[in-house]
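Below are the chains, spelled out letter by letter.
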Amino acid sequence: MLRCCAALSIVFYHSTFEFKNFLSSAPSLLLHNLPVGVDFFFLISGFLITYLLLAEKSRTGTISLPRFYLRRALRIFPLYFAIIGVAWWLHHGDTPDINFQSYLLFVGNFWMIDHGWTVATLNPLWSLCIEEQFYLAIPVLVVLLPTRRLPWLFGGIVLVSIAFRMYVTITQPNANWMAIYCHTLSRCDVLALGGWLAWRHFTQPITLRLPGWTLTVVLLYLALLLSTVETVDYTSLAFATFKKYLFLLPLAFVFCYTLFNEYSSEVSTAPGLARQAVNYLGKISYGLYMYHSPLIFLLDLQFPEFSAAHSVLRLLLVLMLTVVTAALSYELFEKQILRLKSRFEVVRTVRA
């Protein structure tokens, strides 16, 4: 469910640029701020990967790095490289300055810092680059450090991230936006916070007893915040360094409520078509995230007048095409590869 919400927030963001022409300022800003879903993805990924690593280390005394990297490669690589192939097919002729090699090496986010946003098909891949860099480093660190020392690791990563944003803002006051938005050191703090939550839950299971109204209040607060405050305003040192945590705190609450709250577990197991649909969308969330941008590009390319004149219908069409494409990709392509991934599992993958 959590991954479904994170993925759909990005799909809605990229599908509603035209809505600002007829929406008032508050809902328009809410749509503009939906990329906070990327931080939600980072929080989820940091938690899941770290928890699985800790479980494997506890069970076997170590971590099989080859098995870990094989599992990540089987999950991420096929669709990731397929999208790069689509981008090359669509754009290598008319946009020859794109450095496709940087994306193949998972350092496309650094190339984008110097060159800005590129074609729509490749733009979402910057976050995958950061996640892959995290996946490359974190298992080695979890192996080398005693489990009891991991909070110092995650706390140090958060401090380094804060220091990096401060440094960029002070030294590059007129050119800091892309560095703060796309640089690994700027964004790794959320992955580290997810890792800390995993450590905390693994060593001392977190149990919450919060009534449902608390989640409603926090979601309303988050909606109000996203409707009134610009998330990526880096115009001052304080904003560039700490403003992201205003949004991260309610996101972290939603995450913890969903995973650790005893009352929410009763709801999560309730039958119903809607819950089955949400769970399935979470299962195909990777495809939702990866396919929506090339589909939007192709739709606007083939039907430019329709896309400009019918914003709501365009949004519905994008959602339908994205869900159908992601589902077909998962059932016909990804699921076959994921069967291989299970052969290298030491601990069963946690779902969120």
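Above this text sits the structure in question.
Residues numbered from 1 in each chain as written. Predicted model: local features only at pLDDT ≥ 70, side-chain atom pairs only at ≥ 80, totals over all residues. Heavy atoms only, no water.

### A few points about the nonpolar core
As a reminder, the rule being used: Side-chain atoms within 4.5 Å are what join buried Ala, Val, Leu, Ile, Met, Phe, Trp, Tyr and Cys residues into a set we call a nonpolar core. Throughout this description, buried means an accessible area under 20% of the type-specific maximum (1.4 Å probe, protein chains only), exposed means over 50%, and partly exposed covers the range between. Note on contacts: a residue pair is in contact if any heavy atoms of the two residues lie within 4.5 Å.
Formed by 93 residues in total, the largest nonpolar core has its most connected members in Tyr80, Leu122, Phe255 and Met290. Residues in contact with leucine 122, not counting those within four places in the same chain, are Ile84, Ala87, Ile98, Phe100 and Tyr103. Judged by nonpolar contacts, the second largest core, of 10 residues, contains Val11, Leu31, Ile296 and Leu315.

### So, helix H8 (residues 150-171)
The line we're drawing: For the purposes of this entry, the term helix denotes a DSSP run of H or I that reaches at least four residues, the term strand denotes a run of E that reaches at least two, and both are numbered from the N terminus. In this scheme, a helix's expected span is set at 1.5 Å multiplied by one less than its residue total.
An ideal rise of 1.5 Å per residue puts 32 Å on 22 residues; H8 measures up with 31 Å between its terminal C-alpha atoms. Inspection of H8 places Leu150, Leu153, Phe154, Ile157, Val158, Ser161, Ile162, Phe164, Arg165, Val168 and Thr169 among the buried residues, and these make up the whole buried set. Buried residues along H8 sit against helix H3 (36-60), helix H7 (125-144), helix H9 (177-182), helix H10 (184-203), helix H12 (237-242) and helix H13 (244-260).

### Structural notes on the packing of aromatic side chains
Threshold: Any two of the Phe, Tyr and Trp rings considered here, Trp counted by its six-membered ring, make a pair once their centres fall within 6.5 Å; the pair's planes then place it as stacked at under 30 degrees, edge-to-face at over 60, or tilted in between.
Scanning the model with the defined rule gives 24 aromatic pairs in all. Ring centres of tyrosine 80 and phenylalanine 81 lie 5.4 Å apart, and the angle between their planes is 80°; this geometry places the pair in the edge-to-face category. Tyrosine 80 gets classed as buried once you look at its relative accessible area, which sits at 0%. Given the relative accessible area of 29%, phenylalanine 81 is considered partly exposed. Measuring from centroid to centroid gives 6.4 Å for phenylalanine 255 and phenylalanine 260, while their planes differ by 90°, and the two rings are edge-to-face.

### Side note on the side chain of serine 227
In this fold, serine 227 is placed in helix H11 (residues 212-228). When near neighbours in sequence (up to four residues on either side) are disregarded, serine 227 contacts Ala26, Leu29 and Leu30.

### Overview of the pattern of salt bridges
Stated precisely, the cut-off is as follows: Salt bridges are defined by distance alone: a side-chain nitrogen of Lys or Arg within 4 Å of a carboxyl oxygen of Asp or Glu.
Scanning all chains against the criterion turns up nine salt bridges. With a closest N to O distance of 3.2 Å, arginine 187 and aspartate 39 form a salt bridge. Pair noted here: arginine 187 is in helix H10 and aspartate 39 is in helix H3, with a separation of 148 residues, a long-range link. Judged by its relative accessible area of 5%, arginine 187 falls in the buried class. The partner of glutamate 262 in a salt bridge is arginine 209, and the shortest N-O contact between them spans 3.3 Å. You can see glutamate 262 sitting in helix H14 (residues 262-268) and its partner arginine 209 sitting in the loop between H10 and H11, a full 53 residues away along the chain. Among the charged side chains, a network of salt bridges with common partners joins Arg165, Asp189 and Lys244.

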